[in-house]
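Summary of structural features
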Amino acid sequence: MIISIASGKGGTGKTTIATNLAVALGSDVNLLDCDVEEPNDHIFIQPKITRTEKVSLKVPQVDMNKCSLCGKCQEICQFQAIVVVGKTTLTFPELCHSCGGCMEVCPENAITEIDREMGIFEAGTSNGVTFAYGRLFVGQVMAVPVIERVRAAVQPNKVNIIDAPPGTSCPVISSVKDTDFLILVTEPTPFGLNDLKLAVGMVKILNIPHGIVINRSDLGDDKVMEYANEENIPILMEIPFDRQIAETYSKGKLLVKELPEWKERFIHLYEDVVKYAKKS
Amino acid sequence: MQKKANIKELIVISGKGGTGKTSLLGAFASLAKDKVLCDADVDAADLYLILEPDIKERQVFQEGHTAEIDPDKCTECGLCRKLCRFHAISSEFIVDPINCEGCGVCVYFCPEDAINFPIKTCGELFVSETRCGPMAHARLGIAEDNSGKLVTLTRKRANELAQKRDLSLILTDGPPGLACPVIASIAGATGVLIVTEPTLSGHHDMDRVVELANHFQIPAFVCINKYDLNVEMTETIEVYARDKGVPVMGRIPFDPIFTKAMVEKQTIIEYDSSSRASQAVKEIWERVESRL
């Protein structure tokens, strides 16, 4: 089973839900942090890292001894990542999407591919939970290849929990697509509601069963609740604003460890997710 | 971006989401004079919820292409499936628009010319009037890509507004994160204000955006929101920032006024300019303004 956690709006509590859910369930859980731009799960679960790999993308390299300057590579490239200028063919690796078109089209076989490093993938364990995350190098534009490396660490025989980045565009889609259930974490504010609606729009396009967790549920208004009722989306959990919870989070600690009553609540959350995932 | 030398642009970013970028930018909108507002968080644009813009101009944002196989022409030879690196073509020869990268390799090589490649409509761009001044903003379509391009276009519109109306300042609300839309938001800016919170996550994420600002050689400032939720962490972050040469602009206390003002569609300054949070934000704005 794969449960993904997304939000539209940032800072609503995705990491809190992902890490506490994983540790509450304990064994047979695989936690994957796909927020490779700003990964935070490792702060809370303090994994023992057992594997580190570079994540790279294949980009073209032109052998100018073979290149006839025909310009077919430039013609096929949709991303202006390869251009013929005067007597040379230039590549712009940071624009390359690694489609392989230039290499395929080159009549002189002058193009080969080399690895361009974009980030790091790490895997390990903590509290019996297996864990993996990615870290995009600062200054890199494309997060998706690193996210895809993390997604490739899904373990079919376990409960996989995916912590997605905020938003509703390509990095989120690559994190949550083909998952069995999506938990949308929101807060009951106008910003929370606006971004929740965007996230629900995304989930409908991807056709994933979903439910809502309302964080800081007592700070705001009732509009998120009304929206959930109208749309018939189940509310899976409400977490009130509580200084103790905020302080626990601020220190990088887990609710299920510091405030043990939360362990039961997260196990319930999982049971509800399983129930709703089966229904749909 | 072509810019008049006298137009300054401040981008509010955070790395970590939900630290208060938009509420802070809204407050600055109430405090600053002669400015254009710009919402560059095109993926989850929220500034409009406070400023209630009156839209004057709309522009459809088209960028990139998606492959579409014409079943009447397709002979199911399988070459497209073999060449596609994004697993976007099913065994029934239907393109999944979510997986399609828009690279056009299948279109180019299809021996039957059976693949169309229409341009995608990915969003909409707006130029508006608000009670705090003119505003450029946008909406990226749900599950769309090319957010970086839309950010760049939105900032360009903001710049044109500033030039046309002879306004010397652009206040831009940036997206969370570190990659494509953030880089597009900060490129060429006069300065970035990083809003963080006193949590280990906030610290970790701030470190990475400080590094990003340094990477692009853009002056960065930092302020700490909800500082009193963990004063010790606030101090740790301030020491770290100063160590990195990033001036600390101030601290904002945790205050439910942020949520209350948002519910009333007001900036915190409009809602209660004498509150502790509003006072702190005023001081931060004065410090930032003097450094731009």
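This one's a predicted model, so the numbers in the text were calculated from it and none came from an experiment.

Rules used throughout
Residues numbered from 1 in each chain as written. Chains lettered and ligands numbered in written order. Predicted model: local features only at pLDDT ≥ 70, side-chain atom pairs only at ≥ 80, totals over all residues. Helix = DSSP H or I, 4+ residues; strand = E, 2+ residues; numbered from the N terminus. Contact = placed C-beta atoms within 7 Å. Buried ≥ 20, exposed ≤ 12 C-beta atoms within 10 Å, placed from the backbone. Pairing = 2+ DSSP bridges. Axes fitted to C-alpha atoms, helices over the stretch in contact; angles between N-to-C directions. Core = buried A, V, L, I, M, F, W, Y, C linked by C-beta atoms within 7 Å. Nonpolar A, V, L, I, M, F, W, Y, C, P; charged D, E, K, R; others polar. Domains from an automatic or database assignment. Parallel < 35°, antiparallel > 145°, perpendicular 65-115°, else oblique.

When helices and strands are tallied, chain A shows 11 helices and 11 strands. Dimensions of chain A, computed from C-alpha atoms along their principal axes, come out at roughly 70 × 40 × 35 Å. Considering only residue pairs separated by 6 or more positions, chain A has 73% of its internal contacts joining residues 24 or more positions apart.

Assigned secondary structure in chain B consists of 11 helices and 11 strands. The principal-axis extents of the C-alpha atoms in chain B amount to approximately 70 × 40 × 40 Å. Sorting the 292 residues of chain B into buried and exposed places 55% on the buried side. Nonlocal contacts in chain B, meaning residues at least 24 apart in sequence, comprise 76% of its contacts between residues at least 6 apart.

On to the sheet that holds strand β6 (residues 111–126) of chain A, then. Two orientations exist for strands paired in a sheet by backbone hydrogen bonds: parallel and antiparallel. Residues and elements named next belong to chain A. Strand order in the open sheet formed by 9 strands is β3-β6-β7-β2-β8-β1-β9-β10-β11, and the pairing between neighbours is mixed. Looking at which strands have only one partner, the edges of the open sheet turn out to be β3 (48–62) and β11 (235–239). Taking the axes of each pair of neighbouring strands and ignoring which way they run, one obtains an average angle of 20 degrees across the sheet. The sheet contact formed by strand β10 (residues 210–215) and β11 spans 4 bridges and is parallel. Counted as the bridge partner of Ile-212 is Ile-235 from β11.

Within the largest apolar cluster, 180 residues are counted, with the highest numbers of intra-cluster contacts made by Ile161(A), Ile183(A), Leu193(B) and Ile194(B). Among the elements that line this core, the one with the most residues is helix α7 (residues 190–206) of chain A, at 8 residues. Those residues in contact with Ile161(A) that lie beyond four places of it in its chain are Ile3(A), Ile5(A), Ala18(A), Leu21(A), Ala22(A), Val29(A), Leu31(A) and Leu32(A).

Attention now goes to the sheet that holds strand β8 (residues 169–173) of chain B. Residues and elements named next belong to chain B. In spatial order, the strands read β3-β6-β7-β2-β8-β1-β9-β10-β11; together these 9 strands make up an open sheet with mixed pairing. The outermost strands of the open sheet, each flanked by one partner alone, are β3 (54–65) and β11 (248–252). Here the strands of the sheet are splayed against their neighbours by 20 degrees on average, with no regard to which way each runs. One ladder, built from 5 bridges, connects strand β9 (residues 191–196) with strand β10 (residues 220–225); its direction is parallel. Note on β10: the bridge partner recorded for Val-195 is Cys-223. Each of β9, β10 and β11 is contacted by helix α8 (residues 231–243), which is oriented at about 170 degrees to β11, the strand it contacts most. Against the sheet, helix α11 (residues 276–291) engages β1 (8–13), β9, β10 and β11, with an angle of about 170 degrees to β11.

Right, let's get into unusual backbone geometry. Glycine aside, residues mostly have negative phi, and peptide bonds are mostly found in the trans state. Residues and elements named next belong to chain A. Phi at Asp-28 takes a positive value of approximately 55 degrees, unusual for a residue other than glycine. Relative to the helices and strands, Asp-28 is located in the loop between α1 (14–25) and β2 (29–33). The backbone phi angle of Asp-178 is positive, close to 55 degrees, even though this residue is not glycine. Looking at the secondary structure, you find Asp-178 in the loop between α6 (170–176) and β9 (181–186).

Turning to the interface of chain B and chain A, a few remarks are in order. On the side of chain A, 52 residues touch chain B, which itself brings 50 residues to the contact. For the side of chain B that touches chain A, the secondary structure elements donating two or more residues are α4 (105–109), α5 (147–165), α6 (180–186), α7 (200–215) and α9 (257–263) of chain B. Broken down by class, the residue content of the side of chain B that touches chain A amounts to 23 nonpolar, 17 polar and 10 charged.

Interfaces are frequently sized by the accessible area removed from exposure as the parts join. Domain annotation for chain A reports domain 1 (2–55 + 121–279) and domain 2 (64–109). The centre of domain 1 of chain A, based on its C-alpha atoms, is set 40 Å off from the matching centre of domain 2 of chain A.

Let's shift gears to the packing of α1(A) against helix α11 (residues 261–279) of chain A. Residue and element names in this part refer to chain A. Contact geometry for α1 and α11: axes closest at 9 Å, N-to-C directions at 95 degrees. Looking at the two axes, α1 sits roughly perpendicular to α11. Counted together, Asn-20, Leu-21, Ala-24 and Leu-25 of α1 and Trp-262, Lys-263, Phe-266, Ile-267, Leu-269 and Tyr-270 of α11 form the full contact between these two elements. Here the residues of the contact of α1 with α11 are counted per class, giving 8 nonpolar, 1 polar and 1 charged.

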